[in-house]
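Residues per chain, in single letters:
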Amino acid sequence: MLKDITLGQYFPGDTAIHRIDPRVKIVLVMAFIVTIFLGAGPISYALVLAFLGFVIGVSRIPPKMVVRGLKPILFIMIFTGVLNIFYTPGRELWSWGFLHITLEGIQVAVLMVIRIMLLIIGTSMLTYTTSPIQLTDGLESLLSPLKKLHAPVHELSMMMSIALRFIPTLIEETDKIMSAQKARGADFETGSIVKRAKALIPILVPLFISAFRRADELATAMECRLYRGDVGRTRMRQLRVSGVDYGAIAVCVVVFGAVIVLGRFGL
């Protein structure tokens, strides 16, 4: 299960999706999230799915990797679908005690599961095709107006990008610790919930120690490189909006606009 978590991973490449300005990517992802919740029917969601397929194909991200990233939220999708099936009022198809299955409940459950899947895939493409440094620069540039309010924009952006970058590292470290504990006879899969929770203590303690050690090493490395925050800091690559960015914006405006119009008609 841990190996299926792909959040925060970056796949280097030189495709059109990789070359899009990180600021444009962040804004388009936010617009994508809003668009998903404005869709209301199978046609609109089919259009969004086709758009994501196009993005995945252009970025050359392995489809298996994208699908694998959905496995950790499989329980959430099933739980959400079951709740909507049994607790959405409408034309009743089956009932037993306090449980009622309605036609509207099935429709809402299917749409909610599809919505969650599209949301995870769409947001994951941001980290798949954007390096942590680019994310930091993009977030800092977008949040730069807050500097007038003396907000630590650079530090916040750096913290967010480092947190994303360390997710795969901590997952790998957790997997190594679990493998070492299993080799010593630890059992994490059988027994009661309390027993399995207690079995996680030998994992959490070394994981926290490793995380603090890595954080201290990172802080030391940044100090050795004379890192002083945003004061007098320059960038090796300046962010500039190019023709690829305008093309991506145009495509997204057309697709998102079509999804919103279809959603207004319930399609």
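Everything below is about the structure printed above this text.
Residues numbered from 1 in each chain as written. Predicted model: local features only at pLDDT ≥ 70, side-chain atom pairs only at ≥ 80, totals over all residues. Heavy atoms only, no water.

Q: So what exactly am I meant to see when it comes to the nonpolar core here?
A: The tendency in soluble globular proteins is for nonpolar side chains to be buried side by side. Among the nonpolar cores identified, the biggest contains 29 residues, and Phe32 and Phe51 are the most heavily contacted of them. Of all the secondary structure elements, the ones that give two or more residues to this core are α2 (22-38), α3 (42-59), α4 (63-68), α6 (103-128) and α11 (243-264). Excluding residues that lie within four positions of it along the chain, Phe32 makes contacts with Val48, Phe51, Leu52, Leu118, Gly122 and Phe256. Formed by five residues, the second largest nonpolar core is a distinct cluster that contains Ile26, Val29, Leu135 and Leu139. (Core = buried A, V, L, I, M, F, W, Y, C linked by side-chain atoms within 4.5 Å. Buried < 20%, exposed > 50% of the residue type's maximum accessible area, 1.4 Å probe, protein only. Helix = DSSP H or I, 4+ residues; strand = E, 2+ residues; numbered from the N terminus. Contact = heavy atoms within 4.5 Å.)

Q: Would you mind going over the packing of aromatic side chains with me for this structure?
A: Two aromatic rings, taken as a pair, are described by how far apart their centres are and by the angle between their planes. Within the structure shown, the criterion is met by four aromatic pairs. Centroid distance Phe51 to Phe256: 5.6 Å. Interplanar angle 75°. Geometry classified as edge-to-face. In this pair, Phe51 sits in helix α3 while Phe256 sits in helix α11, placing the two residues 205 residues apart along the sequence. Each member of the pair, Phe51 together with Phe256, is buried. Between Phe75 and Phe79, the ring centres sit 6.1 Å apart and the planes meet at 20°, which makes this aromatic pair stacked. Here Phe79 and Phe75 lie together in helix α5 (residues 74-87), a separation of four residues that amounts to about one turn. Note on Phe75: relative accessible area 64%, which makes it exposed. One aromatic cluster in this structure is built from Phe32, Phe51 and Phe256. (Phe/Tyr/Trp six-rings, centres within 6.5 Å; stacked < 30°, edge-to-face > 60°.)

Q: Just checking my understanding: could you explain the packing of α2 against α6 for this structure?
A: The packing of two helices is summarised by the inter-axis angle and the distance between the axes. Across the interface, α2 lies against α6 with an axial gap of 10 Å and an inter-helix angle of 180°. One finds that α2 runs roughly antiparallel with respect to α6. Seen from α2, the contacting residues are Lys25, Ile26, Val29, Phe32, Ile33, Ile36 and Phe37; seen from α6, they are Arg115, Leu118, Leu119, Gly122, Thr123 and Leu126. Across the contact of α2 with α6, the residue classes tally to nine nonpolar, two polar and two charged. (Axes fitted to C-alpha atoms, helices over the stretch in contact; angles between N-to-C directions. Parallel < 35°, antiparallel > 145°, perpendicular 65-115°, else oblique. Nonpolar A, V, L, I, M, F, W, Y, C, P; charged D, E, K, R; others polar.)

Function cannot be inferred from these measures alone, as they are strictly geometric.
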